[in-house]
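For reference, the chains in residue letters:
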Amino acid sequence: MSQEISEIANPSALGGAWRKLRADPFAFACLIFISAMAALCFLAPIAAPYSYDAQDLALSASPPSTSHWLGTDQLGRDILSRILYGGRISFAVGIMATLVAIAIGACYGMISGMAGGKTDSAMMRIVDILYSMPFTIFVILLMVAFGRSLWLIFVAIGAVEWLTMARITRAMTLDVKSRQFVDASISLGQSKFGIMRLHILPNVMESVLVCATLTMPSVMLLEAFLSFLGLGVQAPLPSWGSLVKDGAEYMEDAPWLLIFPSLFFVSALYALNKIGETLSGGED
Amino acid sequence: MRLYILKRIAETIPVFLIIVSAVFFMVRFVPGGPFDKERTVSKETLERVNAYYGLDKPLYEQYFAFLKNLAKGELGPSYKYPGWNVGEILKEKAAVSLQLGAAALAIALIAGMSAGVAAAAFPKGKLGAILSFFSILGVCLPSFVLGPLLILLFSIKLGCFNAMGWNSPGDIILPSITLALFYSAWIARLARGGIMREKLRPYVKTAYAKGLSPARVYLVHILRNGLEPVISYLGPAAAGLLTGSFVVETIFQVPGLGKFFISSALDNDYTMIMGCVMLYAAFIIFFNLISDIVLAAINPKIAKEMTKK
């Protein structure tokens, strides 16, 4: 019985998102663009023309040519290949850390909203206080302390980015909780956990999805920020942040080393932000 | 209102202590001490140096000694720069970072607010579309991409500014623009969203119905409430402008706090790390406090809600 009720109350989150994106041609183009780019990056071992560390010292830093479409760096490594391999890291960090943020934030928000009363206000006060913490400093210290493991980057960034997710999930939970179908379900003897699983979770999914598309670019930004400071993934493995950093060092003689990685990085972030903004109903 | 401010101020002390204590233990759990990297030193000397700075004592004793010094306002000597006190070094470095941060905040506020207000005033048509494109782009163009690109264009190709350094007054221009762009884009978005929402409220209709001029309705009625999101963002923004300067200071070779913080973290210079973190934490807490108080002054509901219990 309660199964049926939850289905009525749950228009599919993914379906709604899909319709919104189809309605806006530019946002839909962004979706295709980012999917293609992510696919190319994850298939880098097959798609990239060269390996990320294959050197051709005779070439050194050469401008774009027919054999190296986007040029080579000072060690003669193919820039296009390095960008694709770098994108693999950036997208992996973006997805994994966003999942960590969702897991922490959505659970925290749902529990807080379900509990209500004093527990709820105490839990939200903690989030308020955490908002004012200098997290960039903590992440930097963590990276300095424990080395540059990729797993640590996932967890450290995810642990920083869950706060907004928690706030949104809690607000949605409070909203759903006050609906009549939840009262009906309670009167049918559904447990608190059952309510959460059957009614709250499906209904907060859409907001979580929107928040996730906006969290991902900010996670990728934070990863690149760390890599730029030399605290991200380790050489010779590239990431978009470290490619931009290397490019900045040689920009006077070889501007393509800076421009192409920047172009990939910024356009990926733009597409993700545009999608997130469209899903959340635009700026209005 | 007064009760709210007092409550809010009282809250800052535990927050500060939590941050400082967390960092204190974090840096000490890192393998290696401040003097381990100097290989020429014999084991006995190393022990004596550690004993001189009290680094051989149990952790909790070091912690209480640290708190006691903190209460007296002493930050202790730097381990990496013998003969210098942490306080003295911080004062010099923070002055540079503060100038940079203040210039960037001013740019971000002026550019962001005017873009946001203009976008909200003309939401349809070309201007709105252009502004909305740039407000997303600004958020996606991180300082470590923008900074080098600005250097490439203005210093290397056009030769208008010095590429790096902190010697002439013009040196502040490129770094502060680099630092400000992200925040101006974000402020523009918040201002636009806030104003658009506020425009639809019934009280705006009432104000027009009373026969007030559109300019007065806009400036006095709508902006006051519409800018609430911007004000609550100013605390985190000021904090971000200070910590964001890590990257900008590295790119432009500015001798400020950010660059210094990272090198002392890599060196395990405990007292120096603590000094930097405390300074950052104090700034962040202070700006958050100010923006909360301003918000409560604009919207009395906030203060009531918090002092209700």
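Everything that follows concerns the structure shown earlier in this document.
Residues numbered from 1 in each chain as written. Chains lettered and ligands numbered in written order. Predicted model: local features only at pLDDT ≥ 70, side-chain atom pairs only at ≥ 80, totals over all residues. Heavy atoms only, no water.

## Some points on the overall build of chain B
In step 1: Along its length, chain B carries 14 helices and 0 strands.
In step 2: N-terminal to C-terminal, the α/β element order of chain B is α-α-α-α-α-α-α-α-α-α-α-α-α-α.
In step 3: Across its three principal directions, the C-alpha atoms of chain B cover 85 × 60 × 30 Å.
In step 4: Each of the 309 residues in chain B was classed as buried or not, and the buried ones make up 46%.
In step 5: Of all intrachain contacts in chain B linking residues separated by at least 6 positions in sequence, the fraction that spans at least 24 positions is 76%. (Helix = DSSP H or I, 4+ residues; strand = E, 2+ residues; numbered from the N terminus. Buried < 20%, exposed > 50% of the residue type's maximum accessible area, 1.4 Å probe, protein only. Contact = heavy atoms within 4.5 Å.)

## Some details on the overall build of chain A
In step 1: Along its length, chain A carries 12 helices and 0 strands.
In step 2: Along chain A, from the amino end to the carboxyl end, the secondary structure elements read α-α-α-α-α-α-α-α-α-α-α-α.
In step 3: With the C-alpha coordinates of chain A rotated into their principal frame, the extents come out at 75 × 45 × 35 Å.
In step 4: Looking at the 284 residues of chain A, the share that counts as buried comes to 52%.
In step 5: When contacts within chain A are restricted to residue pairs at least 6 apart in sequence, those whose partners lie at least 24 apart make up 74%.
In step 6: Put simply, chain A shows about 12,400 Å² of open surface, and 67% of that area lies on carbon and sulfur atoms.
In step 7: Taken as two groups, the 17 positive and 21 negative side-chain charges of chain A have centres that lie 10 Å from each other. (Areas by Shrake-Rupley, 256 points an atom, 1.4 Å probe, with all protein chains shown as cover. Lys, Arg positive; Asp, Glu negative; His and termini not counted. Charge placed at Lys NZ, Arg CZ, Asp CG, Glu CD.)

## Thoughts on the packing of aromatic side chains
In step 1: For the structure on display, the rule yields 22 aromatic pairs over all chains.
In step 2: Over the ring of A:F228 we find A:K245, and its NZ or CZ is 5.7 Å from the ring centre. (Phe/Tyr/Trp six-rings, centres within 6.5 Å; stacked < 30°, edge-to-face > 60°. Lys NZ or Arg CZ within 6 Å of the ring centre and 35° of its normal.)

## Describing the interface of chain A and chain B
In step 1: Tallying the contact residues gives 36 residues for chain A and 46 residues for chain B.
In step 2: Of the roughly 3,800 Å² buried between chain A and chain B, counting both surfaces, carbon and sulfur atoms make up 79%.
In step 3: Seen at the junction of chain A and chain B, the total is 2 salt bridges.
In step 4: As a salt-bridge pair, A:R125 and B:E11 come within 2.6 Å of each other at their nearest N and O atoms.
In step 5: The interface formed by chain A and chain B includes 2 residue pairs in polar contact (both at pLDDT 80 or more).
In step 6: Among the secondary structure elements, those contributing two or more residues to the side of chain A that touches chain B are α6 (117–131), α7 (135–146), α10 (192–228), α11 (240–249) and α12 (256–279) of chain A.
In step 7: Here the side of chain A that touches chain B gets 10 residues from one element, more than from any other, and that element is α12(A). (Buried area = accessible area lost by both parts, 1.4 Å probe. Salt bridge = Lys/Arg side-chain N within 4 Å of Asp/Glu carboxyl O. Polar contact = N/O pair within 3.5 Å; in protein donor to acceptor, adjacent residues only side chain to side chain.)

## Remarks on the side chain of A:T215
Residues and elements named next belong to chain A.
In step 1: Relative to the assigned elements, T215 resides in helix α10.
In step 2: The class for T215 is buried, based on a relative accessible area of 6%.
In step 3: At a separation of 2.7 Å, a polar atom in the side chain of T215 contacts the main-chain carbonyl oxygen of C211.
In step 4: Contacts of T215, omitting those with residues within four sequence positions, involve T98, E161 and M165.

## Overview of the packing of α10(A) against α11(A)
Residues and elements named next belong to chain A.
In step 1: Here α10 crosses α11 at 45°, and the two axes come no closer than 7 Å. Between α10 and α11, the interaxial angle falls into the category oblique. Viewed along their axes, α10 and α11 form a crossing whose handedness is right-handed. Facing α10, whose interface residues are M220, A224, S227 and F228, α11 presents W240, G241, S242 and K245.
In step 2: Across the contact of α10 with α11, the residue classes break down as 4 nonpolar, 3 polar and 1 charged. (Axes fitted to C-alpha atoms, helices over the stretch in contact; angles between N-to-C directions. Parallel < 35°, antiparallel > 145°, perpendicular 65-115°, else oblique. Left-handed = near helix turned anticlockwise from the far one by under 90°. Nonpolar A, V, L, I, M, F, W, Y, C, P; charged D, E, K, R; others polar.)

## Let's talk about the packing of helix α5 (residues 79–115) of chain A against α10(A)
Residue and element names in this part refer to chain A.
In step 1: Where α5 meets α10, the closest approach of the two axes is 7 Å, and the angle between their N-to-C directions is 145°. In the packing of α5 onto α10, the handedness of the crossing is right-handed.
In step 2: Taken together, the residues of the contact of α5 with α10 break down into 20 nonpolar, 4 polar and 2 charged.

## What about the pattern of salt bridges?
In step 1: What the rule picks out here adds up to 7 salt bridges over all chains.
In step 2: One salt bridge connects B:R201 with B:E198, and the closest N-O pair in it is separated by 3.4 Å.

## Brief notes about the nonpolar core
In step 1: In terms of nonpolar packing, the biggest core is built from 134 residues, with A:F91, A:L141, A:W240, B:F144, B:F246 and B:F261 touching the most fellow members.
In step 2: Top element by residues in this core is α12(A). It accounts for 12 residues.
In step 3: The contacts of B:F261, once residues within four sequence positions are left out, are A:I137, A:I140, A:L141, B:F246, B:I273, B:C276, B:V277 and B:Y280. (Core = buried A, V, L, I, M, F, W, Y, C linked by side-chain atoms within 4.5 Å.)

## With respect to the environment of A:A97
In step 1: Mapped onto the fold, A:A97 is located in helix α5.
In step 2: It is 4.6 Å that separates the C-alpha atoms of A:A97 and A:F154, two residues lying 57 residues apart in sequence.

## Some details on helix α7 (residues 173–199) of chain B
All names here are of chain B.
In step 1: Across its 27 residues, α7 extends 36 Å between first and last C-alpha, which sits within 8% of the 39 Å expected from 1.5 Å per residue.
In step 2: The largest bend in α7 amounts to roughly 40° and is located at A180.
In step 3: The element α7 is largely enclosed, with a buried count of 19 among its 27 residues. (Expected span 1.5 Å × (residues − 1). Bend = angle between axes of the 7 residues up to and from the residue.)

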